[in-house]
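An overview of the molecular structure
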Amino acid sequence: APTPSLSAPQKKEEKIDFAEKLQSIEFGQSLTEEESRIREELRKEGDFLPPSSVKHLVIVATCGESFDILDETFTSLAESSFDLKKVYVCLAIEEREKDGRKIGESLQQKFKSSFGRFFLMEHTEGEEPGEIPGKGANITSAGRKITKLLLKEDIDISSILVTTLDAD
């Protein structure tokens, strides 16, 4: 059987002006009837979060990727048209990687002024009882550590949208 093509949905999504869509949601303008209904329900329940109050945390887990590959990833993020002061990035490294910290510190130095925050988190194998070694444990470790830091700073973590990306 032929592999289904993803190009049609991708093309459709590429045509959406997401900045405009966020403005519509923020101010309740130019929404479909269904979008307006959902927005109003959320507002009544106290669960509506204006898009302008959302911060994004992007966690990039790495285990052995080169500086060049990671540099390309963070350069791509830094070229986003989104308000980058609302973007927090995290390079989640593995302690066992001999050059991980050195590469991470270089990237942090290069990109720290590009984003609202640049976290460098190091995962130690076996940090949590019963954890399965790998990318998931690294991401989870970074997320827990960042959550603790943000809570100490009285930052409302319910307004943070988390995305995880492959290092490449």
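Quick notes on the rules
- Think of each chain on its own: its residues are numbered from 1, step by step along the sequence as written.
- Where local features are concerned, this predicted model is filtered to residues with pLDDT of at least 70; where side-chain atom pairs are given and counted, the filter is 80 or more; whole-chain, interface and lining totals use all residues.
- Water and hydrogen atoms were dropped before computing side-chain values, which therefore reflect all heavy atoms in the structure.
- Only buried residues count toward a nonpolar core. Its members are Ala, Val, Leu, Ile, Met, Phe, Trp, Tyr and Cys residues joined through side-chain atoms within 4.5 Å.
- Here's how the labels work: a residue is buried when its accessible area is under 20% of the maximum for its type, exposed when over 50%, partly exposed in between, all with a 1.4 Å probe on protein chains only.
- The helix count covers DSSP runs of H or I at least four residues long, the strand count covers runs of E at least two residues long, and both are numbered beginning at the N terminus.
- The contact criterion used throughout is that any non-hydrogen atoms of two residues lie within 4.5 Å.
- Paired strands, in this sense, are two strands between which DSSP finds at least two bridges.
- Only the contacting stretch of a helix is used when fitting its axis, a line to C-alpha atoms as for every element, and angles between N-to-C directions run 0 to 180 degrees.
- Multiplying 1.5 Å by the helix residue count minus one yields the expected span of that helix.
- By convention in this document, the label disulfide applies to cysteine sulfur atom pairs within 2.5 Å.

**Observations regarding the nonpolar core**
One finds Phe74, Val89, Leu91, Phe115 and Phe118 to be the most contacted residues of the largest nonpolar core, which totals 17 residues. Mapped by element, the contributors of at least two residues to this core are strand S1 (55-61), helix H4 (67-78), strand S2 (87-94), helix H5 (100-111) and strand S3 (117-123). By residue number, the principal contributor to this core is S2, which donates 4 residues. Apart from residues no more than four positions distant in its own chain, Phe118 is found in contact with Phe74, Val89, Leu91, Leu107, Gln108, Phe111 and Lys112. Formed by 13 residues, the second largest nonpolar core is a distinct cluster that contains Tyr88, Cys90, Ala92 and Ile160.

**Topic: the sheet that holds S3**
Working definition: the strands of a sheet are paired by backbone hydrogen bonds and lie parallel or antiparallel to each other. Pairing in this open sheet of 4 strands is parallel, and the strands run S3-S2-S1-S4 from one edge to the other. Each of the sheet's edge strands pairs with one partner strand only, and the pair in question is S3 and strand S4 (160-166). With strand direction ignored, the average angle separating the axes of adjacent strands in the sheet is 20 degrees. Pairing analysis gives 6 bridges linking S1 to S2, with the strands arranged parallel. When the bridges of S2 are listed, Val58 appears paired with Val89. Packing against the sheet, H4 makes contact with S1, S2, S3 and S4, and its axis sits at approximately 165 degrees to S2. Contacting S1, S2, S3 and S4, helix H6 (residues 135-152) crosses the sheet at an angle of about 130 degrees to S3.

**Some details on unusual backbone geometry**
Residue Ser30 is not a glycine yet carries a positive backbone phi of 55 degrees. You can see Ser30 is positioned in the loop between helix H2 (18-27) and helix H3 (33-45). Its relative accessible area of 69% is what places Ser30 among the exposed residues. At Asp154, a residue that is not glycine, the phi angle is positive and equals roughly 60 degrees. Along the chain, the position of Asp154 falls in the loop between H6 and S4.

**Focus: H3**
In a regular helix each residue adds 1.5 Å, so 13 residues correspond to 18 Å; H3 covers 19 Å between its end C-alpha atoms and thus fits that length. Backbone geometry just downstream of H3 places Gly46 in the positive-phi region, at approximately 75 degrees.

**Quick word on the state of the cysteines**
Under the definition given, this model contains 0 disulfides. Free of any disulfide, Cys63 has its nearest cysteine sulfur in Cys90, 15 Å distant. For Cys90, a relative accessible area of 0% puts it in the buried group.

**Structural notes on the side chain of Ser24**
Tracing the backbone shows Ser24 in helix H2. Judged by relative accessible area, Ser24 falls into the buried class, the value being 9%. Once residues lying within four places of it in the same chain are set aside, the contact partners of Ser24 are Gln29, Ser30 and Leu31.

**Notes on H6**
If you check H6, its first and last C-alpha atoms are 26 Å apart, about what 18 residues at 1.5 Å a residue would give, namely 26 Å. Buried within H6 are the following residues: Ala137, Asn138, Ile139, Ser141, Ala142, Ile146 and Leu150. Along its buried surface, H6 packs onto S1, S2, S3 and S4. Looking one or two residues beyond H6, the residue adopting positive phi is Asp154, at roughly 60 degrees.

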